[in-house]
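Below, each chain spelled out in residue letters.
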Amino acid sequence: MIYPIRYYGDPILRQKARPVTQFDDDLKQLAQDMLETLYDASGIGLAAPQIGIPKRLFIAIHTASNETKEAPEVDAPEIDENSLSPEEKRKLWGVVEELIMVNPEILSREGVQYGADGCLSLPGVWVDEIRRDDLIRVRYQDLEGELFERSFSGRFSHVIQHEYDHLEGILFFDRLDNKEKFMKKNRQELADIQREAKYRLKELKRR
């Protein structure tokens, strides 16, 4: 099942997600649906709140190139990614891991990195450089409830931090030193996205 993405302006994106307490077939199905939704939207990360489910669960895709697919592509304009199947996208992007994290907790942070950032919940809006921690250590559970600890660095660390923020009700532009400048520069785009968010909520209520 492919879920509609919740857009900026939807209140659920500003709520802190609740811990997952049941590790059952419903959770596995949710993760599978999220994966389908993620590839359909050509994203590399998706958190449960972005599809209207306030649970502490997200998916982060690790690619060989570590390049984000949430920002517009400028080096391969001839490829229409929307027409590709999930398997074709996996091959094109060089996917090496589809990491599902349940109830993640960032235990430690080291170093600094700067990289491009965008979001499926804010289509067409991105920043060239945003500050993130370089090395992080994360404790999380898998879909069976088994506990893990892993360290991540570089671009994949950036992606994980972006998705983790969604579970805290934080959007990427909240991390900017000059958030006001960003809001002013993208005023029209943000207003359009908020209008679309309201429309989508009305449509969901009608179902």
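Just above, that's the structure.
Residues numbered from 1 in each chain as written. Predicted model: local features only at pLDDT ≥ 70, side-chain atom pairs only at ≥ 80, totals over all residues. Heavy atoms only, no water.

## Examining the pairing of strand E2 (residues 57-63)
Counted residue by residue, E2 has six buried out of seven residues, so it is predominantly covered. Note: E2 against strand E3 (residues 95-110), seven bridges, orientation antiparallel. Each residue of the ladder has a partner; that of phenylalanine 58, found in E3, is methionine 101. (Buried < 20%, exposed > 50% of the residue type's maximum accessible area, 1.4 Å probe, protein only. Helix = DSSP H or I, 4+ residues; strand = E, 2+ residues; numbered from the N terminus. Pairing = 2+ DSSP bridges.)

## Here's the deal with the side chain of aspartate 133
Among the structural elements, aspartate 133 can be located in the loop between strand E5 (126-132) and strand E6 (135-141). Within the local environment of aspartate 133, its side chain forms a polar contact with the side chain of arginine 109, the two groups lying 2.8 Å apart. (Polar contact = N/O pair within 3.5 Å; in protein donor to acceptor, adjacent residues only side chain to side chain.)

## Here's the deal with the packing of helix H1 (residues 25-40) against helix H2 (residues 86-93)
Two elements in contact, H1 and H2, have axes separated by 10 Å at closest approach and are oriented at 65°. Relative to H2, the element H1 is oriented roughly perpendicular. Considering how the two elements wind past one another, H1 and H2 form a crossing that is left-handed. Between H1 and H2, the contacting residues are Leu35, Tyr39 and Asp40 on the first element and Pro86, Lys89, Arg90 and Trp93 on the second. Grouping the amino acids of the contact of H1 with H2 by side-chain chemistry returns four nonpolar, no polar and three charged. (Axes fitted to C-alpha atoms, helices over the stretch in contact; angles between N-to-C directions. Parallel < 35°, antiparallel > 145°, perpendicular 65-115°, else oblique. Left-handed = near helix turned anticlockwise from the far one by under 90°. Contact = heavy atoms within 4.5 Å. Nonpolar A, V, L, I, M, F, W, Y, C, P; charged D, E, K, R; others polar.)

## Concerning the packing of aromatic side chains
For the coordinates displayed, the defined rule picks out seven aromatic pairs. Both rings, one in phenylalanine 172 and one in phenylalanine 173, keep their centres 5.9 Å apart while their planes meet at 80°; by these two values the pair is edge-to-face. Ring geometry for phenylalanine 173 and phenylalanine 182: centres 5.1 Å apart, planes at 20°, overall stacked. Each member of the aromatic cluster is reached from another via a ring pair, and the members are Tyr8, Phe172, Phe173 and Phe182. Its end group placed over the ring of tyrosine 7, arginine 200 keeps NZ or CZ at 4.0 Å from the ring centre. (Phe/Tyr/Trp six-rings, centres within 6.5 Å; stacked < 30°, edge-to-face > 60°. Lys NZ or Arg CZ within 6 Å of the ring centre and 35° of its normal.)

## Things to note about helix H5 (residues 187-206)
Between its terminal C-alpha atoms H5 stretches 29 Å, which fits the 28 Å expected from 20 residues at 1.5 Å a residue. Along H5, the residues classified as buried are Leu190, Ile193 and Ala197. One side of H5 holds all its buried residues, which, seen down the axis, span an arc of 60°. The exposed set on the far side of H5, more than 90 degrees from its buried face, consists of Lys198, Lys202 and Arg206. Residues of H5 that are buried in the fold lie against helix H4 (179-185). (Expected span 1.5 Å × (residues − 1). Arc of directions from axis to C-beta.)

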